[in-house]
Amino acid sequence: MLKARPAPAQPDSFAVTAARLKAKRIQRRRLTDVLAYAVLTVIALIMLYPFYWTLITSFEPTGNIYEAKILPKAVGLRNYAEMWKGTTVPFWRLILNSLIICTLGVTLTVTLATLAAYPLAKMRFPGRDLIFYAILALMVLPNESGLIVNYITTIKLGLLQQTNPVIDAIRQYLAVVLPGLASIVGLFLLRQAYLGIPLELIEAARIDGASELTIWRRIMLPLATPTIAAFAILEFVAYWNSFLWARIMLPDKNLLPLSAGLLELSGTFSTNSRAVMAGAVITIIPILIVFAFGQKYFMKGLEGAVKG
Amino acid sequence: MTTTPRRVSRREQHRVGGTGAKVTARNTLIAYAFLLPFLILLVVYHTWPVIFGTYLAFTKYNIISPPQWVGLDNFKELWQDEQFWSGLTNSLKYILIVPVIQILALLVALLVNRPMKGIGFFRTAFYVPVVTSFAVVGLIWNWMYQQDGAVNTILRMIGLSQKGSFLNNPATALYAVMFVTLWKGIGYYMVLYLAGLQGISPELEEAATIDGASRPQVFWNITLPGLRPTILVCSLLSTISAIKVFEEIYVMTQGGPAGSTYSALFYTYSRAFQDFQYGLAAAGGIIIAVISIIFGLINFRLTRGGKADA
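The model shown is predicted, which means the values in this text are computed figures rather than measured ones.

K.L.:
Is there a simple way to explain the interface of chain A and chain B in this structure?
P.N.:
Often, the extent of an interface is quoted as the loss of accessible area on bringing the components together. With 104 residues of chain A at the contact, the number on the chain B side is 95 residues. Carbon and sulfur atoms make up 74% of the area that chain A and chain B hide from each other, which totals about 8800 Å². When residues of chain A are sorted by the area they lose upon contact with chain B, Met47, Arg124 and Glu144 of chain A head the list and together hold 9% of the total. Scanning the region where chain A abuts chain B turns up one salt bridge. At the boundary of chain A with chain B, the tally comes to 13 residue pairs in polar contact (both at pLDDT 80 or more). The element best represented in the side of chain A that touches chain B is helix H1 (residues 11-59) of chain A, accounting for 18 residues. Residues belonging to the side of chain A that touches chain B are distributed by class as follows: 69 nonpolar, 17 polar and 18 charged.

So, in C-alpha cells, the structure goes:
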C-alpha cells in the first residue's frame, strides 16, 4: 500500500509541511532507536549474564553458590589458587598443552592451505579441475564416521604408542592436530583471495626468473594477508576450543588441552564447583583477547566464507 | 609491435585450463609439490574415513581383531535397538529449534544492521557464546540449571514457579539442552545474515522507500527475497547440525537422565568408544548421514534452491 503524498497548495505551506514531515521522521527514528537499544540490551544480558555470573562466582570464597546474583558477596582468589594447586594434573600443564596444540595446529593449517591454494588459483596443470571438484565434493560428503575411523588410523599410525616420555608427548600432540590440518574451508577462502590478485604481477615475476616458491612467499602471501589473518583467528579459536577429539584419544591426561582438561576436572572436582569456575574463566580469557584484537578480520573471514 | 592480450573472463579461463604459466612437466611437478602435503592429509583424514567407515558398517569390528563381514546385521540390530530409536527421535525433535534460531538470528541481524552508536558492542556481545567452547558453555549452563541455580532464581523473581533441576528431569532435560544450543547459535547465524543483508544493494531499498513503500513492504518485497540464498545456507547448516547434535549432550547430560537426551550421534559415540562396537557405530553413522542428506534436500526444495528471485 502506497502512502499518498500531501499535495502542497502553496510554496510556503510546502516548506512548512516538509519541515513538519522531517521533524516527524526524526522523532520516529529516535523512538525506534530507543526501542532497538532496549531489545538489544535485553538480548545482550541473556547472552552475557552466564559468563558474568561465572566470573563473579569464581571470586566468591563461600556462600550460596548457584543462585543468580548481580554482585559477588565477597571477593577472593582462593578458588583460583585451589584450581592452580589442587589438581592431579598441574593446571599450567593444561595451558602449556593448549598453547602447543594451538601453535602447531594454526601454523601448519595455515601453511598447508596457503600452499595448496596457490596452484589451484594461479597455475595450469593437468588434473587441476578434477582435484578442485574432488575437494568440493568432500565438503558436501558426510563425514560421520570421521571420529571412529580417525581414531583407528591414529592407533594404526602408532601415534599412541608409549616408549619414551619426550617422544610420546610429541607423537600425541601430533595425533591431536593431524586430523584437522587439511582445512577445506581454509583452502576455499585462500583460493578466493588469490584469484583476486592480478595475474600481471605473477607473470612479471616469472619473467624476472622468480621461482614459484618465491612468488608464493613474496607476492601471494603479502597480498592475501587479511584473509590469512582471518583464517588464522578462526583456526586459533577452533584449536583452543577443541576438546572432544583430544578427550577420546589421549591416554595421558597430562597432555590434555585446557578445554578437555576442564571437563576432566569438573568430574574429579565435583565438590568444588567454584574452582572449576575459576578454570572456566581462565579458559575463556585467551579467546576473548584474540577475538578482541582480531574481531574485524574474524567477522570478515566469516562473511567471506558465506559469500565464497 | 605490441598486442594486448585478449581479455578472458574468469569462467572462460577456467574452461581453457586457467591462468598461469605454460603446462610443462616441470610446472606440473611444481604444482603438485605445492598441493601434496594438503592432499595427503585430506585423503588420510577426510576421504579414507568415508570409504573405510562405509565398509565398517557391514562388519563386526573391535580394532583388536580384523573386521568380519556381517552384511546387513548391524542395520538389523539398530532397527531393533530401542535406544537407537529414541536417539533418532530426539535428533529429529532437535530440528524444532531450526525455525526458532533462524527467525531470532534474522531479527537480531536486522537490529544490529542499523547504523547506531555502540552497535559494535552488541555484535561482539552476541558473538561471545559462539567463540566459547562447548566444554565451557556446557559447564556454565549445568550450573545455571541447578535446582537452586540462577535460572530458577530468575524464574522465581519474575513470578514463575520454580522448577527442580532442569537437567535431572527427563521431561525437561532435552529442552534445556536445546535452549543452550539456541543461545550459543544465534550469534553465529546473526553474522551470516548480517553478511547477507550487506550484500543487498541499498539503492534498491532506497528507491522503494522513495516510491513510498513502507518499512514492512521494503522488508517483505526486497530484503527477504534478497536474503533467500543466505536463508538456505543457514537453515541447511542448522538442520544438519541439529540432526548431528552431539557436543552439548556429551558435556551436559551424557544422554541422561534415563536416556532422555540420547541423540543419534551420541548413541553412535557410545557404541564406538564405550562398547567398542565400531561396525555398529559406523552403521549408525551412515543412517545419520542419509537422514541429513534427505533433510538437506527438503530444505533446498522449501527455499526454492535459494535463488534470489522466486
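K.L.:
Help me understand the domain arrangement of chain A in this model?
P.N.:
All names here are of chain A. Split into domains, chain A comes out as domain 1 (15-76) and domain 2 (82-307). Centre-to-centre separation of domain 1 and domain 2, based on C-alpha positions: 35 Å. Tallying the contact residues gives 13 residues for domain 1 and seven residues for domain 2. Taking both sides of the interface into account, the surface hidden between domain 1 and domain 2 amounts to around 730 Å²; carbon and sulfur atoms contribute 69%. Counting the surface domain 1 buries against domain 2, the share from its top three residues, Thr54, Ser58 and Ile65, is 49%. Counting across the interface, domain 1 meets domain 2 through one salt bridge. Residue Arg274 is joined to Glu60 by a salt bridge in which the shortest nitrogen-to-oxygen separation is 3.2 Å. At the junction of domain 1 and domain 2, the tally comes to two residue pairs in polar contact (both at pLDDT 80 or more). Residue composition of the side of domain 1 that touches domain 2, by class: six nonpolar, six polar and one charged.

K.L.:
What should I look at first to understand the packing of aromatic side chains in this one?
P.N.:
Any two aromatic rings considered together are summarised by their centre-to-centre distance and by the angle between their planes. Counted by the stated rule, this structure contains 41 aromatic pairs over all chains. Centre to centre, the rings of Phe52 of chain B and Tyr61 of chain B are 6.5 Å apart; their planes meet at 85°, and the pair counts as edge-to-face. A residue is classified by how much of its surface remains accessible, and Phe52 of chain B, at 13% relative accessible area, is buried. For Tyr61 of chain B, a relative accessible area of 6% corresponds to the buried category. Ring plane angle 85° and centroid distance 5.5 Å describe the contact between Tyr262 of chain B and Phe266 of chain B, whose orientation is recorded as edge-to-face. Seen from the ring of Phe132 of chain A, Arg191 of chain A lies directly overhead, with NZ or CZ sitting 3.9 Å from the centre.

K.L.:
Quick question: what am I supposed to make of the pattern of salt bridges here?
P.N.:
One side chain can pair with another of opposite charge once the charged atoms of both are near each other. Applying the stated rule across the entire model yields twelve salt bridges over all chains. A salt bridge links Asp33 of chain A to Arg114 of chain B; the shortest N-O distance between them is 2.6 Å. Within this pair, whereas Asp33 of chain A is found in helix H1, its partner Arg114 of chain B is found in the loop between helix H5 (97-112) and helix H6 (119-131), the two belonging to separate chains. Judged by its relative accessible area of 17%, Asp33 of chain A is buried. Across the salt bridge formed by Arg271 of chain B and Asp275 of chain B, the nearest N and O atoms sit 2.5 Å from each other. One salt-bridge network, held together by shared partners, links Glu60, Lys69 and Arg274 of chain A.

Reading the values: the criteria
Residues numbered from 1 in each chain as written. Chains lettered and ligands numbered in written order. Predicted model: local features only at pLDDT ≥ 70, side-chain atom pairs only at ≥ 80, totals over all residues. Heavy atoms only, no water. Contact = heavy atoms within 4.5 Å. Buried area = accessible area lost by both parts, 1.4 Å probe. Salt bridge = Lys/Arg side-chain N within 4 Å of Asp/Glu carboxyl O. Polar contact = N/O pair within 3.5 Å; in protein donor to acceptor, adjacent residues only side chain to side chain. Helix = DSSP H or I, 4+ residues; strand = E, 2+ residues; numbered from the N terminus. Nonpolar A, V, L, I, M, F, W, Y, C, P; charged D, E, K, R; others polar. Domains from an automatic or database assignment. Phe/Tyr/Trp six-rings, centres within 6.5 Å; stacked < 30°, edge-to-face > 60°. Buried < 20%, exposed > 50% of the residue type's maximum accessible area, 1.4 Å probe, protein only. Lys NZ or Arg CZ within 6 Å of the ring centre and 35° of its normal.

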